[in-house]
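# Examination of the molecular architecture
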Amino acid sequence: MNYQPLKYIYQSAGNPEASTLLLLHGTGGNETDLIPLAKNFGKNVNILSVRGNVVEQGMPRFFRRLSMGVFDEEDIKFRTHELVSFIKEVASKEKFNASKLIALGYSNGANIAGATLILYPDFLSGAILFRPMPPFKNMPKVKTSKKVPVFISAGNLDGMVHISEIQQYTSHLEANHFNIELHTINTGHNLVEEDSRKAIIWMHKNFL
Ligand code: MLT
């Protein structure tokens, strides 16, 4: 496969047992964006932040889209395989425990994190999806017995995705053995302080 490396930043917690937060930015962002937010999760987590390899009119993304909210699903699959293969390489280079990886994605980054949950259900230990959308029109069934915890926060005023679509997405993930905590926040597509506050509580409950 013709996989390309991704630009990344890795910050070690200096503890071989630490979990690693995998940061996945939104459209037009980069690997520096979510680092200040990730710092609020405390010193005991490694940070691996990557930049999406797709560029749409100068804006980095994690996969191609055909139009606003309409995804190139073949590219989602390819980019998800590319990302997972890259993370495995970085884990052995940077020496973190790849079996303790928790994705934290916003918008487009949350969508590739969702695709990773579906295509590689045993790869992530957990996922934080801020303002996600379902990555596939027909969501595939997932074979896992792991019960991976997933935090989702949706904005009830989000113009990109209706809350009912998120509820359907959540039901699909629950029916496929993920352990979902869904929060609806009184805001739009933008991230607010309540997102990180709730995600940190979830993280402490599940991992720290
Ligand atoms: C996507 O393309 O993944 C979603 O529309 C969200 C975004 O614009 O980043």
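A brief look at the structure comes next. (Residues numbered from 1 in each chain as written. Predicted model: local features only at pLDDT ≥ 70, side-chain atom pairs only at ≥ 80, totals over all residues. Heavy atoms only, no water.)

## Some remarks on the packing of aromatic side chains
What counts is decided by this rule: Any Phe, Tyr or Trp ring, taking Trp's six-membered ring, that has another such ring centre within 6.5 Å forms a pair; planes under 30 degrees apart are called stacked, those over 60 apart edge-to-face, and the others tilted. Secondary structure elements are taken from DSSP: a helix is a run of H or I of four residues or more, a strand is a run of E of two residues or more, and numbering for both begins at the N terminus. For every residue, the accessible area obtained with a 1.4 Å probe (protein chains only) is divided by the maximum for its type, and the residue is called buried under 20%, exposed over 50%, and partly exposed between those limits. Only when the NZ atom of a Lys or the CZ atom of an Arg is both within 6 Å of the ring centre and within 35 degrees of the ring normal do we say a charge sits over the ring.
Counted by the stated rule, this structure contains 8 aromatic pairs. Consider the rings of F130 and F151, whose centres lie 6.1 Å apart with planes at 80 degrees: the pair is edge-to-face. A residue pair is termed long-range when its members are at least 10 positions apart, and F130 in strand β9 (residues 126–130) and F151 in strand β10 (residues 149–155) qualify at 21 residues. You'll find F130 and F151 in the same group, each marked buried. We note R61 situated over the ring of F63; from NZ or CZ to the ring centre the distance is 5.1 Å.

## Focus on the site of the ligand
Let me state the cut-off plainly: A molecule or strand has a residue near it when one of that residue's heavy atoms lies within 4 Å. Here a polar contact means two N or O atoms within 3.5 Å. Within protein one must be a hydrogen donor candidate and the other an acceptor candidate, and residues neighboring in sequence count only if both atoms are side-chain atoms. Computed by Shrake-Rupley with a 1.4 Å probe, the accessible areas treat only the displayed protein chains as cover when residues are assessed. Residues are grouped as follows: Ala, Val, Leu, Ile, Met, Phe, Trp, Tyr, Cys and Pro are nonpolar; Asp, Glu, Lys and Arg are charged; all remaining types, including Gly, are polar.
In the region of the ligand, the neighbouring residues are T27, R61, F63, R65, F71, S107, N108, N111, M133 and M160. Side-chain polar atom of T27 to an oxygen atom of the ligand: 2.5 Å apart, as the coordinates give it. Within the side chain of R61, one N or O atom sits 2.8 Å away from an oxygen atom of the ligand. Surface burial for the ligand is 96%, taken as the share of its 250 Å² of free accessible area covered by protein chains. Per-class residue counts for the shell around the ligand are 4 nonpolar, 4 polar and 2 charged.

## A short note on helix α5 (residues 193–206)
Filter applied, for reference: Take the residue count of a helix, subtract one, and multiply by 1.5 Å to get its expected span. By construction, the arc corresponds to the directions joining the helix axis to the C-beta atoms.
Between the first and last C-alpha of α5 there are 20 Å, a value that for 14 residues agrees with the 20 Å anticipated at 1.5 Å per step. For α5, the full list of buried residues reads D195, S196, A199, I200, W202 and M203. On an axial view of α5, the arc spanned by its buried residues comes to 165 degrees, and they lie on one face. Exposed residues on α5 whose side chains face more than 90 degrees from its buried face are E193, I201 and K205.

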